[in-house]
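# Breakdown of the fold
Spelled out from the first residue to the last, the chains are:
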Amino acid sequence: MCIRDRSIISELKVQIPSEETATQIALSNQTSATLAVATYKKVLFYSENAEKYDVEILRSILPTALEWHPFLPVLAIGWETGLISLWNDETKAVKEDTNVHQAAITVIVFHQAGSRMVACDEKGKVSVWKGLNCISVYQKENAITNCIFANLDFSDNAVDKSKSSRNYLFFFGGRGGVVSL
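All values reported here derive from a predicted model rather than from experimental measurement. (Residues numbered from 1 in each chain as written. Predicted model: local features only at pLDDT ≥ 70, side-chain atom pairs only at ≥ 80, totals over all residues. Heavy atoms only, no water.)

Quick look at the sheet that holds strand S12 (residues 117-121) now. The four strands lie next to each other as S11-S12-S13-S14, forming an open sheet whose pairing is antiparallel. The sheet is open, and its two edges are formed by strand S11 (105-110) and strand S14 (133-139), each paired on a single side. Sheet twist, expressed as the average angle between the axes of neighbouring strands with direction ignored, equals 20 degrees. Relative to S12, S11 is paired through five bridges, and the arrangement is antiparallel. Across the sheet, the residue bridging to phenylalanine 110 is methionine 117, located in S12. (Pairing = 2+ DSSP bridges. Helix = DSSP H or I, 4+ residues; strand = E, 2+ residues; numbered from the N terminus. Axes fitted to C-alpha atoms, helices over the stretch in contact; angles between N-to-C directions.)

A word on the sheet that holds strand S6 (residues 52-58). Judged by pairing direction, the sheet is antiparallel, and its four strands sit side by side in the order S3-S4-S5-S6 without closing on themselves. Where the open sheet ends on each side, the last strands, each with one partner, are strand S3 (24-27) and S6. Neighbour-to-neighbour, the strand axes of this sheet turn through a mean angle of 20 degrees, independent of strand direction.

Most often, soluble globular proteins have nonpolar side chains that are buried together. Counting 15 residues, the largest nonpolar core has Val43, Phe45, Leu66, Leu75 and Ile77 as the members making the most contacts within it. Where this core is concerned, the elements lending two or more residues are strand S4 (34-39), strand S5 (42-47), S6, strand S7 (63-68) and strand S8 (74-79). Broken down by element, the residue count for this core peaks at three residues, all from S8. With residues near it in sequence (within four places) discarded, valine 43 still touches Ala36, Val37, Ala38, Glu56, Ile57, Pro63, Leu66, Leu75, Ile77 and Trp79. Counting residues in hydrophobic clusters, the runner-up holds 12 residues, among them Ile84, Leu86, Ile105 and Ile108. (Core = buried A, V, L, I, M, F, W, Y, C linked by side-chain atoms within 4.5 Å. Buried < 20%, exposed > 50% of the residue type's maximum accessible area, 1.4 Å probe, protein only. Contact = heavy atoms within 4.5 Å.)

Below, the discussion takes up the environment of glutamate 11. Mapped onto the elements of the fold, glutamate 11 is located in the loop between strand S2 (7-9) and S3. Take glutamate 11: its relative accessible area is 64%, and that puts it in the exposed class. With 39 residues separating them along the chain, glutamate 11 and alanine 50 place their C-alpha atoms 9.8 Å apart.

A complete count under the given rule lists five salt bridges for this structure. Between lysine 52 and glutamate 56 there is a salt bridge, with the nearest N and O atoms lying 3.5 Å from each other. One salt bridge in this structure joins lysine 92 and aspartate 89, with 3.3 Å as the shortest N-O distance. Under the relative-accessibility criterion, aspartate 89 is labelled buried at 12%. One connected set of salt bridges, linked through shared partners, spans Glu20, Lys42, Lys52 and Glu56. (Salt bridge = Lys/Arg side-chain N within 4 Å of Asp/Glu carboxyl O.)

Glancing now at the packing of aromatic side chains. The full count for this structure, using the stated rule, is five aromatic pairs. Ring centres of phenylalanine 170 and phenylalanine 172 lie 5.7 Å apart, and the angle between their planes is 35 degrees; this geometry places the pair in the tilted category. Here phenylalanine 170 matches phenylalanine 172 in class, with each residue buried. Here the basic side chain of lysine 92 rests over the ring of tyrosine 53, its NZ or CZ set 6.0 Å away from the ring centre. (Phe/Tyr/Trp six-rings, centres within 6.5 Å; stacked < 30°, edge-to-face > 60°. Lys NZ or Arg CZ within 6 Å of the ring centre and 35° of its normal.)

Moving on to the environment of lysine 123. Mapping lysine 123 onto the fold places it in the loop between S12 and strand S13 (125-130). Assessed through its relative accessible area of 57%, lysine 123 is described here as exposed. Once the C-alpha coordinates of lysine 123 and glutamate 141 are considered, the two residues, 18 residues apart in sequence, prove to be 7.0 Å apart. Dropping the residues within four chain positions of it, lysine 123 is found in contact with Ala103, Gln139, Lys140, Asn142 and Ala143.

In this section: a nonpolar patch on the surface. Nonpolar side chains collect at one region of the surface, where Ile148, Phe171 and Val179 lie side by side and expose about 290 Å² of accessible area between them. Among the secondary structure elements, phenylalanine 171 is positioned in strand S16 (residues 170-174). Here phenylalanine 171 falls in the partly exposed class, since its relative accessible area comes to 33%. (Patch = residues over 30% accessible without salt bridge, like charges linked within 9 Å, V, L, I, M, F, W, Y side chains within 5 Å. Areas by Shrake-Rupley, 256 points an atom, 1.4 Å probe, with all protein chains shown as cover.)

Right, dumping it as structure tokens:
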């Protein structure tokens, strides 16, 4: 362990099968953290002590994006075909959608309140989700590679400020060089 500039850096070695290569990782925000590791055609799960869980998600396609819900034990997984999976870490159940995206998912991001999710793909499609229900779709010309919810507050009083966490505005942009709100 190394302490530097008030940061603690700790190293735990996660045992990934020798034929696999980690392509992405995501750590849950739960009390007992779960690490999700995307490899070729799999998502593996590990405890906060780097112990591999017996469960894994296996598909014949490459996982391309991982994002944990901000406070629920739910992992959103984007795949190279546009498939979006929502994995519940408690029930070990997965729900999937194949209807919205037909290209590799490049970005998945949850709103800080957890009530919205945005998924973007390499062909410029941006989708907004409430649960596993797509509520809005935007189409741009180029791949979307970045997305962030905007925590903008235009109010002057305390009552309006309390509603700022329900602000669902987001910025997204990508290879075309344009940032949209």
